[in-house]
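# Understanding the architecture of this molecule
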Amino acid sequence: MIYKKPGEKFSYENITYTVGSRVLANEASEYSGLFGRILEIRTDDDRETENDTPDIYCKFDPPCLSAARRALEQTFSELYGAPKRVEDLGLELVIMAPEMLTPLAVPEQAYPQGTLYVVVSHWATDGEFGSYEAPFTNLMDAQRQFHDDLKNELESGCIEKWREKSQFAEEETAESYECYLDGEYCENHFYLSIEKRPLPLAPEFIRTVAAAYEDECAREDFLDKAQALPEYLALTEDQKKQLLHNADIKGRISHYLDLCDTYWECYWDAVSKAAQDILQDDQQASSQK
């Protein structure tokens, strides 16, 4: 069977490959590191099961960096025993096995979206210039940084000196400030703002943040119980701080949870009941339409 319409999907070993989607050639292939797109997916017969091993026809982009081009040419020159250039490799049509490809998500479509608050500044003083960006995941943190940076500039920068000149101009909003000398913007200006930017949250990032959060919760719960024990009260302040950095806290808690059958029975019972409730609610909602 041939899948060639954009958006058609084929699943193999719990991974979905989509015609038209972006892919990365992984370490299992000589094309490792190349980005490309799936053109077609072909199977041996008309069966549409997870056991079909497809041939995936791809078009790869040539490497943009010269070092990557040389590495690819070296790989294929050694493979064929003759000099090969990128242009000789036929990257417009390459047949790949599924395990050689890593499907790539479209972050703004596939990932949950967060917000990044970025304090952005650029300035120029008598022709000297600079810029910086400071990202935050919390608006109040960005507002504090904005306040501190603007306060510092007002107290020790050039703004007060510029105010004495007739061409001084100033504009501000709740989350931005800009001033400059009219007619000399490129030589003398200061700009500061908070920009809100979408932040696609990749699964790996979410897992990292979740693990950090679980570790912090475990330390807080550990401290809540430990500080009532005489052994904890006998520690010095430095020893108490060191104790909370013990890497075994979360693992030790998990160990005792594993020994507690009641905990997991309650958990899975709750999951089952929640599934039943939600499914019943959806069924009732559908029947009322």
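See the structure shown above.
Nothing here was measured: the structure is a model prediction, and the numbers come from that model.

### Focus: the overall build of the protein
- If you tally the helices and strands in the protein, you get 9 helices and 13 strands.
- Here the C-alpha radius of gyration of the protein, 29 Å, is well above what a compact globule of 289 residues would show, namely 19 Å.
- For the protein, the spread of C-alpha atoms along the three principal axes comes to 80 × 65 × 55 Å.
- Here the protein holds 289 residues, and the buried ones make up 26% of them.
- Here the contacts in the protein between residues at least 6 apart in sequence split such that 54% fall between residues at least 24 apart.
- Surface summary for the protein: the accessible area is close to 19900 Å², and the carbon and sulfur share equals 52%.

### Quick notes on the packing of helix H5 (residues 203-226) against helix H8 (residues 249-258)
- Orientation of H5 relative to H8, taken along the N-to-C sense of each, is 80°, at an axis distance of 9 Å. Classified by the angle their axes make, H5 and H8 are roughly perpendicular. Seen from H5, the contacting residues are Ala211, Glu214, Asp215, Ala218, Arg219 and Phe222; seen from H8, they are Ile249, Lys250 and Ile253.
- Its residues assigned to classes, the contact of H5 with H8 shows 5 nonpolar, no polar and 4 charged.

### Some thoughts on the pairing of strand S4 (residues 22-25)
- Burial along S4 is one-sided: the residues Val23 and Ala25 are buried and none of Arg22 and Leu24 is.
- Examined bridge by bridge, S4 and strand S5 (residues 35-42) share 3 bridges and lie antiparallel to one another. Within S5, the residue paired with Leu24 across the bridge is Phe35.

### Here's the deal with the packing of aromatic side chains
- In this structure the tally under the stated criterion is 6 aromatic pairs.
- Note on Tyr31 and Phe76: the rings are 4.9 Å apart at their centroids and 55° apart in plane angle, and the pair reads as tilted. Taken together, the positions of Tyr31 in the loop between S4 and S5 and Phe76 in helix H1 (residues 66-80) put the pair 45 residues apart, joining distant regions of the chain. For the pair shown, Tyr31 and Phe76 are each scored as buried.
- The ring of Tyr57 is capped by Arg42, whose NZ or CZ atom sits 4.5 Å from the centre of that ring.

### A look at the sheet that holds strand S9 (residues 113-125)
- Here we have 5 strands laid out as an open sheet, ordered S10-S9-S13-S12-S11, and antiparallel in their pairing. Whereas interior strands pair on both sides, the edge strands pair on one side only; in this sheet they are strand S10 (128-136) and strand S11 (168-173). Averaged over neighbouring strand pairs, the angle between their axes works out to 20° when direction is ignored.
- In terms of strand pairing, S9 meets S10 through 9 bridges, oriented antiparallel. Counted as the bridge partner of Ser121 is Tyr132 from S10.
- Along the sheet, helix H3 (residues 139-156) contacts S9, S10, strand S12 (176-181) and strand S13 (189-200); its crossing angle with S13, the most-contacted strand, is approximately 170°.

### So, unusual backbone geometry
- Positive phi, close to 50°, is recorded for Glu13, a residue that is not glycine.
- Looking at the secondary structure, you find Glu13 in the loop between strand S2 (9-12) and strand S3 (15-18).
- The backbone of Asn14 sits at a positive phi, close to 65°, despite the residue not being glycine.
- Relative to the assigned elements, Asn14 resides in the loop between S2 and S3.

### Focus: a nonpolar patch on the surface
- A cluster of nonpolar side chains, contributed by Tyr263, Trp264, Trp268 and Val271, occupies part of the molecular surface with about 400 Å² of accessible area.
- For Val271, the location among the structural elements is in helix H9 (residues 261-287).
- Here Val271 falls in the partly exposed class, since its relative accessible area comes to 35%.

### Focus: the state of the cysteines
- Taken as a whole and judged by the stated rule, the model has 0 disulfides.
- Its sulfur unpaired, Cys64 is 17 Å from the next cysteine sulfur, which belongs to Cys58.
- Classification of Cys64 as exposed rests on a relative accessible area of 78%.
- Not engaged in a disulfide, the cysteine Cys158 finds its nearest cysteine sulfur in Cys179; these two sulfurs lie 9.2 Å apart.

### Some details on the nonpolar core
- Formed by 22 residues in total, the largest nonpolar core has its most connected members in Tyr31, Ile41, Cys58, Phe60, Met96 and Leu101.
- Broken down by secondary-structure element, the contributors of at least two residues to this core are S2, S4, S5, strand S6 (55-60), H1 and strand S7 (94-96).
- Ranked by residues supplied to this core, first place goes to S6 with 3 residues.
- Not counting residues within four places of it along the chain, the set of residues in contact with Ile41 comprises Met1, Ile2, Tyr3, Phe10, Tyr17, Thr18, Val19, Pro54, Asp55 and Ile56.
- Ranked by size, the runner-up nonpolar core spans 17 residues in total, among them Phe136, Leu150, Cys158 and Ile194.

The rules behind the values
- Residues numbered from 1 in each chain as written.
- Predicted model: local features only at pLDDT ≥ 70, side-chain atom pairs only at ≥ 80, totals over all residues.
- Heavy atoms only, no water.
- Helix = DSSP H or I, 4+ residues; strand = E, 2+ residues; numbered from the N terminus.
- Rg over C-alpha atoms; globule rule 2.2 N^0.38 Å.
- Buried < 20%, exposed > 50% of the residue type's maximum accessible area, 1.4 Å probe, protein only.
- Contact = heavy atoms within 4.5 Å.
- Areas by Shrake-Rupley, 256 points an atom, 1.4 Å probe, with all protein chains shown as cover.
- Axes fitted to C-alpha atoms, helices over the stretch in contact; angles between N-to-C directions.
- Parallel < 35°, antiparallel > 145°, perpendicular 65-115°, else oblique.
- Nonpolar A, V, L, I, M, F, W, Y, C, P; charged D, E, K, R; others polar.
- Pairing = 2+ DSSP bridges.
- Phe/Tyr/Trp six-rings, centres within 6.5 Å; stacked < 30°, edge-to-face > 60°.
- Lys NZ or Arg CZ within 6 Å of the ring centre and 35° of its normal.
- Patch = residues over 30% accessible without salt bridge, like charges linked within 9 Å, V, L, I, M, F, W, Y side chains within 5 Å.
- Salt bridge = Lys/Arg side-chain N within 4 Å of Asp/Glu carboxyl O.
- Disulfide = S-S within 2.5 Å.
- Core = buried A, V, L, I, M, F, W, Y, C linked by side-chain atoms within 4.5 Å.

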